[in-house]
Structures are given as structure tokens and as C-alpha cells.
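If you want the building blocks of each chain, they are given just below.
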Amino acid sequence: MKVTERSWPADAGRTIYKPAITRENGKDTKKAASPAKDPDMDRLSESLKALSKPASKDSENKFKMKSSKPDDSVGQLASMLARAETRIDVQQVASRAIRALTNLKMAALASEGSDAKKIAKMIKRMEKLIKRIQKKLQHLSKEEQLENQKKKAERNMEEQRAKEIKEELASRRKKRRKDERNYANKELAEDAKTSSEELVSGLSGALSAASSSAVSVPDLSGFSVDAGIPDSVSIDISV
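Residues numbered from 1 in each chain as written. Predicted model: local features only at pLDDT ≥ 70, side-chain atom pairs only at ≥ 80, totals over all residues. Heavy atoms only, no water.

Caption draft 1: Molecular detail of the overall build of the protein. For the protein, the count of helices and strands is seven helices and two strands. Secondary structure of the protein in N-to-C order comes out as α-β-β-α-α-α-α-α-α. Across the 239 residues of the protein, 22% fall into the buried class. Once local pairs closer than 6 in sequence are excluded, the contacts in the protein between residues at least 24 apart make up 75%. For the protein, the exposed area adds up to about 18700 Å²; of that, 54% sits on carbon and sulfur atoms. (Helix = DSSP H or I, 4+ residues; strand = E, 2+ residues; numbered from the N terminus. Buried < 20%, exposed > 50% of the residue type's maximum accessible area, 1.4 Å probe, protein only. Contact = heavy atoms within 4.5 Å. Areas by Shrake-Rupley, 256 points an atom, 1.4 Å probe, with all protein chains shown as cover.)

Here's what the structure looks like:
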């Protein structure tokens, strides 16, 4: 076979990659294909890996100029997660949770003392929420599989099989939704507790600052009104 300058680029552009073939005991065997992966779980895992990397000194110095708390609290996101019934809805909650976690980790770099402890507690709660998001994606994936199995059984006129799958699916969803509601209520209560503590702390600080900066009233006990009016001044009240 001759390889010319004209035919080489054309052949290279049409390269087709085939499954790897190994030779064992004189026989050609193909490697088994890797199992299909969930793209939603992959994206969420990649985002979490990026967050786990330590922040650089440059980003820390830049963020020290301005730190902010996340717009979404754990309770709000947990409520959204409980209401989400599709993978797209769950992915939207995941995006907001990851953004909130990023803001919290950046705020932690610029915080000290009691503020740092509060933010560290919020970070743990947000990370727990993200784990529950991953868990819900797995549940929804399993429920989709059951839905497909039920439809297949219905097409094949397997009434008993379809009924069993339907009952299993209903039981799974009922249990999942109850657990999600309980978790959301718990996190909402925790948000309310944190807000009330911050309110009380802010009022206490304002009162202490006001008491320390109060102006002292001078002693006027020795001051006479008569001494403050000259003798040459008279007030005419006649009409």
C-alpha cells in the first residue's frame, strides 16, 4: 500500500476509534463498556470539588475588602428542594446552594471571632443541604426507572406487575416527601432562631453603645433665675 501526500490528510481526518480489543488465550475479547453516568450528579460533584480547593491569597485579600452573606438561607433552599419534583428543579436549587456556599466560604476568610463561628456553622448546614440534593437526584432517578418499568408492564399487559410497581413508587414518593418536609421545617426553625439571636445581639450592642455615649446633665442647683436677668431690664405688661 502506498501512502501519498494527497491521501494522508484525508485518511487522518476520517479516523474512527473502535473499542479496545485484547487477546487472551488466543481469543480476541472486547473490553466491557463503562456504566452510564448521571450528568447531573457529575456536574454537582465537579462543583463541590472546586469548592473544596483552598482559596488563594490573592482571592482572600480581594475579598477582605467586602464580604457578604448568601442571599438564600438554608431553610429557604430546603423548602425549595422539598417542592422540587423534577431533576431540572433540583438542579436549580443545587446551583443556588453552591453559589450560597461559595459566598459563605469567602465570607469566612474575612471573619474573625464570633462571626467566624457563625459562618462556620452555616457552612456545615449548607454542605449538609447539598448532600441531600445529591440524595434527591438519586431518588428521582430511581423513580424514573420505576415509571418506565410500570409503563413497560402496562404495554405487555402485565397488570399484576404494573400494580406492584405502582405501589412501590407511591410508597417511595410518600416517604421521600415526608422526610423532605420535616427537614425543611427543621432548617426554617433554625433560620428563625439564628435571626432572633442576631436581633437580640444587635439590640444589646445598640443599648450598650447608647449608654456609654450618653451626655451628662450639668448640675443647675446653684443657678438662680434672678441672677440671670440684669437690674436695668424691666418688662412692661400694661395694655
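Moving on from the model shown.
Caption draft 2: Examining unusual backbone geometry more closely. Phi at Met157 is positive, roughly 60°, even though this residue is not glycine. Counting through the fold element by element, Met157 comes out in the loop between α6 (113-155) and α7 (159-212).

Caption draft 3: Spotlight on α6. Along its 43 residues, α6 runs 64 Å from first to last C-alpha, staying within 8% of the 63 Å computed at 1.5 Å per residue. Within two residues after α6, Met157 carries a phi angle of roughly 60°, on the positive side. (Expected span 1.5 Å × (residues − 1).)

Caption draft 4: Geometry of the nonpolar core. Membership of the largest hydrophobic core comes to 25 residues, with the highest contact counts inside it found for Leu81, Val90, Ala97, Met126, Leu129 and Ile133. Listing elements by their share of this core, those giving two or more residues are α4 (74-83), α5 (87-109), α6 and α7. With nine residues, α5 is the largest single contributor of residues to this core. Dropping the residues within four chain positions of it, Ala97 is found in contact with Leu77, Met126, Leu129, Ile130 and Ile133. (Core = buried A, V, L, I, M, F, W, Y, C linked by side-chain atoms within 4.5 Å.)

Caption draft 5: Focus on the packing of α5 against α6. Running from amino to carboxyl end, α5 crosses α6 at an angle of 160°, the nearest separation of the two axes being 10 Å. Taken together, the axis directions place α5 and α6 in an arrangement best described as roughly antiparallel. Helix-helix and strand crossings are classified by hand; for α5 and α6 the assignment is left-handed. In the contact of α5 with α6, the residues fall into 19 nonpolar, two polar and five charged. (Axes fitted to C-alpha atoms, helices over the stretch in contact; angles between N-to-C directions. Parallel < 35°, antiparallel > 145°, perpendicular 65-115°, else oblique. Left-handed = near helix turned anticlockwise from the far one by under 90°. Nonpolar A, V, L, I, M, F, W, Y, C, P; charged D, E, K, R; others polar.)

Caption draft 6: Quick peek at the side chain of Asp72. Looking at where Asp72 falls in the secondary structure, it is placed in the loop between α3 (57-63) and α4. For Asp72, a relative accessible area of 11% translates into the label buried. In this structure the side chain of Asp72 is engaged in a polar contact, spanning 2.7 Å, whose partner is the side chain of Arg96. Once residues within four sequence positions are removed from consideration, Asp72 is found in contact with Leu77, Arg96, Ala100 and Met126. (Polar contact = N/O pair within 3.5 Å; in protein donor to acceptor, adjacent residues only side chain to side chain.)

Caption draft 7: Representation of the pattern of salt bridges. For the coordinates displayed, the defined rule picks out 15 salt bridges. A salt bridge links Arg125 to Asp191, with the nearest nitrogen and oxygen atoms 2.8 Å apart. Remark: Asp191 occurs in helix α7 and Arg125 occurs in helix α6; sequence separation between them is 66 residues. Arg125 gets classed as buried once you look at its relative accessible area, which sits at 12%. Residue Asp191 is classed as buried on the basis of its relative accessible area, which comes to 14%. (Salt bridge = Lys/Arg side-chain N within 4 Å of Asp/Glu carboxyl O.)

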